[in-house]
Amino acid sequence: MYYTKKLPLYMVISLLGLTPALSQASLPQDINHYFRQIHGKKTHVSIEIKTPIERWPICEKPQINPPIGGRNMGNVSLPVQCGKKKQFIQLTVNVTGQYYVATRNINRGEPIQFVDIGTKKGLLHKLPAGASTDKIALRGAVALRNIPAGQTFTKSMTRQPWAIKAGQTVFVFASGDNFSVKYEGRAINNATAGQNTRVRLLNGQVVNGEALENGSVQVALK
């Protein structure tokens, strides 16, 4: 019976007769650590470097810069700086994490409940653009179109519920140093919590403010 042990990359490189600098041997670990920091602990990250090892940068402390085009998963072109010389490492960043699918047919305009949200795990860069990875944000969201069972939720499919609806009577609050005032008015536009909304006060004046989750409006005084 033979016992096999997985060797560190630098030992494999040595056995193959290659003699890159130590910085080259540690480059995969450095790149992997860089993307783990970006994607966090809730995902699994693995790196596949496509650039041949003889074309890797050689210096004592190679500096990893943000990927070209802001891509942090899938096929990535990663700039690595050695002194004044910049080289581009081509790689595939595989990020495995949770995403969410509809457990039933959801009609346009319906609110989404927790029971409507199924959990799956897979390569995130293989999902449709804007795939939802936040279950809490989906709960209570409103479907903007019909969503068939099994469909991956994306951000373009839903919106947050209106905190304020056009025509609704609202209270407007404004505060400053040692004072606060409260007005009554009517909302001019729909707004979710955190969005800007316009309110016509009882005296006819129109003000802009932030829609709050409780249905009131906060005006920031300059």
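Residues numbered from 1 in each chain as written. Predicted model: local features only at pLDDT ≥ 70, side-chain atom pairs only at ≥ 80, totals over all residues. Heavy atoms only, no water.

### Things to note about the nonpolar core
Step number 1: In terms of nonpolar packing, the biggest core is built from 19 residues, with Ile31, Phe35, Val76, Leu78, Ile89, Leu91 and Val93 touching the most fellow members.
Step number 2: Broken down by secondary-structure element, the contributors of at least two residues to this core are helix H2 (22-39), strand S3 (74-82) and strand S4 (85-102).
Step number 3: Contacts of Ile31, omitting those with residues within four sequence positions, involve Ile47, Ile49, Ile64, Leu78, Ile89 and Leu91. (Core = buried A, V, L, I, M, F, W, Y, C linked by side-chain atoms within 4.5 Å. Buried < 20%, exposed > 50% of the residue type's maximum accessible area, 1.4 Å probe, protein only. Helix = DSSP H or I, 4+ residues; strand = E, 2+ residues; numbered from the N terminus. Contact = heavy atoms within 4.5 Å.)

### Describing the environment of Thr92
Step number 1: Tracing the backbone through its elements, the reader meets Thr92 in strand S4.
Step number 2: Looking at Thr92, the relative accessible area reads 9%, which means it is buried.
Step number 3: Aside from chain neighbours lying at most four places away, what touches Thr92 is Ser46, Ile47, Glu48, Lys50, Gly74 and Asn75.
Step number 4: A polar contact of 3.2 Å, which involves the side chain of Thr92, links it to the side chain of Lys50. (Polar contact = N/O pair within 3.5 Å; in protein donor to acceptor, adjacent residues only side chain to side chain.)

### Details of the side chain of Ser77
Step number 1: Looking at the element boundaries, Ser77 is found in strand S3.
Step number 2: Within the local environment of Ser77, its side chain forms a polar contact with the side chain of Gln90, the two groups lying 3.1 Å apart.
Step number 3: In this structure, Ser77 is in contact with Pro67, Ile68, Phe88, Ile89 and Gln90, ignoring residues within four places of it in sequence.

### Focus: the pattern of salt bridges
Step number 1: Inspection of the entire model under this criterion finds 2 salt bridges.
Step number 2: Arg104 is the partner of Glu110 in a salt bridge, and the nearest nitrogen-oxygen pair spans 3.4 Å.
Step number 3: Residue Glu110 is classed as partly exposed on the basis of its relative accessible area, which comes to 24%.
Step number 4: Under the relative-accessibility criterion, Arg104 is labelled partly exposed at 29%.
Step number 5: Here Arg104 and Asp116 are joined by a salt bridge, their closest N and O atoms 2.6 Å apart. Of this pair, Arg104 sits in the loop between S4 and strand S5 (117-123) while Asp116 is found in the loop between S4 and S5, placing the two residues 12 residues apart along the sequence.
Step number 6: Residue classification places Asp116 among the buried residues on the basis of a relative accessible area of 3%. (Salt bridge = Lys/Arg side-chain N within 4 Å of Asp/Glu carboxyl O.)

### Here's the deal with the side chain of Ser216
Step number 1: Here Ser216 shows up in the loop between strand S11 (206-211) and strand S12 (217-219).
Step number 2: In contact with Ser216, not counting residues within four places along its chain, are Ile164, Phe171, Phe173, Glu210 and Ala211.

### Some words on the environment of Phe173
Step number 1: Mapped onto the elements of the fold, Phe173 is located in strand S8 (residues 169-176).
Step number 2: Counting along the chain gives 37 residues from Phe173 to Glu210, while the straight-line C-alpha distance between them is 9.9 Å.

### Focus on the confidence of the model for the chain
Step number 1: Per-residue pLDDT for the chain averages 87, and the proportion of residues at 70 or more is 88%.
Step number 2: Across the chain, the element-wise mean pLDDT spans from 45 in helix H1 (residues 9-15) up to 96 in strand S6 (residues 142-143).
Step number 3: Of the regions scoring below 50 in pLDDT, residues 7-21 engages in 13 contacts with residues more than four places distant in sequence or in other chains. (pLDDT = per-residue confidence, 0-100.)

### A few points about the pairing of strand S10 (residues 196-201)
Step number 1: The side-chain alternation of S10 yields one buried face, formed by Thr197, Val199 and Leu201, and one unburied face, formed by Asn196, Arg198 and Arg200.
Step number 2: With 3 bridges joining them, strand S9 (residues 179-187) and S10 adopt antiparallel strand pairing. Residue pairing in the sheet places Gly185 in a bridge with Leu201 of S10.
Step number 3: Here 5 bridges tie S10 to S11, and the two strands are oriented antiparallel to one another. Paired with Thr197 across the two strands is Gly209, which belongs to S11.
Step number 4: Taking the residues that link successive antiparallel strands as the turn, the S10-S11 hairpin has 4 residues, and the phi of Gly204 there is positive, at about 95°. (Pairing = 2+ DSSP bridges.)

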